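Listed below are the residues making up each chain.
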Amino acid sequence: QVQLVESGGGLVQAGGSLRLSCAASGRTLSTWSMGWFRQAPGKEQDFVATVSSSGFVRYYADAVLGRFTISRDNAKNAVYLQMNSLKPEDSAVYYCAASLKSVVARSPSEYAYWGQGTQVTVSS
């Protein structure tokens, strides 16, 4: 059984930065693509970023392109999301997810395992 645990969320002022981490246990993530999604209260879950199993291919939602960076460390079985120039509209619960495929995936339906989420709140 794969378990994903996010950390690094918190309260930050607009313009600030946070780095989210996602640690996995149960099996290696090195053959799976990974993704970050977010959900704000009363809104649908949105795709944020995805990275291929190798780490070489990355895709971002337009809303975060140029501000967020997804990365992974397969040796540590972990995935990260560096968030810079944060805006109040970035406030949401952020979820880490693991796909059973090696290629990048942007739809939640392509992910098999999910973390419990970490809250990010950006004040204006």
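You'll find the structure just up there.
Analysis parameters
- Residues numbered from 1 in each chain as written.
- Predicted model: local features only at pLDDT ≥ 70, side-chain atom pairs only at ≥ 80, totals over all residues.
- Heavy atoms only, no water.
- Phe/Tyr/Trp six-rings, centres within 6.5 Å; stacked < 30°, edge-to-face > 60°.
- Helix = DSSP H or I, 4+ residues; strand = E, 2+ residues; numbered from the N terminus.
- Buried < 20%, exposed > 50% of the residue type's maximum accessible area, 1.4 Å probe, protein only.
- Lys NZ or Arg CZ within 6 Å of the ring centre and 35° of its normal.
- Core = buried A, V, L, I, M, F, W, Y, C linked by side-chain atoms within 4.5 Å.
- Contact = heavy atoms within 4.5 Å.
- Salt bridge = Lys/Arg side-chain N within 4 Å of Asp/Glu carboxyl O.

### Topic: the packing of aromatic side chains
The relative placement of two aromatic rings is captured by the distance of their centres and the angle of their planes. The final tally for this structure, using the stated rule, is 5 aromatic pairs. Summarising the aromatic geometry, the rings of phenylalanine 37 and phenylalanine 47 are spaced 5.8 Å apart at their centres and angled 70° between planes, so their arrangement reads as edge-to-face. You can see phenylalanine 37 sitting in strand E4 (residues 34-39) and its partner phenylalanine 47 sitting in strand E5 (residues 46-51), a full 10 residues away along the chain. By relative accessible area, which is 16% here, phenylalanine 47 ends up buried. With centroids separated by 5.2 Å and ring planes inclined at 80°, the aromatic side chains of phenylalanine 37 and tyrosine 111 adopt a geometry described as edge-to-face. Within this pair, whereas phenylalanine 37 is found in strand E4, its partner tyrosine 111 is found in strand E10 (residues 111-114), the two being separated by 74 residues in sequence. Judged by relative accessible area, which is 0%, phenylalanine 37 ranks as buried. Through pairs of rings, three or more aromatic residues link up here, namely Phe37, Phe47, Tyr111 and Trp114. Lying over the aromatic face of tryptophan 32, arginine 27 brings its terminal NZ or CZ to 3.9 Å of the ring centre. The positively charged end of arginine 106 is found above the aromatic ring belonging to tyrosine 59, 4.5 Å away from the centroid.

### Things to note about the nonpolar core
Leu4, Met34, Trp36, Leu81, Met83 and Tyr94 are the most contacted members of the largest nonpolar core, which totals 35 residues. Elements supplying a minimum of two residues to this core: strand E3 (18-25), E4, E5, strand E7 (68-73), strand E8 (78-83), strand E9 (92-99) and strand E11 (118-123).

### A short note on the environment of valine 79
Turning to its location among the elements, valine 79 is positioned in strand E8. Here the alpha-carbon distance between valine 79 and serine 54, two residues 25 residues apart in the chain, equals 12 Å. The contacts of valine 79, once residues within four sequence positions are left out, are Leu20, Ser21, Cys22, Met34, Trp36, Ile70, Ser71 and Arg72.

### Focus on the pattern of salt bridges
Scanning all chains against the criterion turns up 3 salt bridges. Between arginine 38 and aspartate 90 there is a salt bridge whose closest N-O contact spans 2.9 Å. In this pair, arginine 38 is assigned in strand E4 and aspartate 90 in the loop between E8 and E9, connecting sequence segments 52 residues apart. Lysine 101 is the partner of glutamate 110 in a salt bridge, and the nearest nitrogen-oxygen pair spans 3.8 Å. For glutamate 110, a relative accessible area of 30% translates into the label partly exposed. Here the salt bridges share partners, and the residues they tie into one network are Arg38, Arg67 and Asp90.

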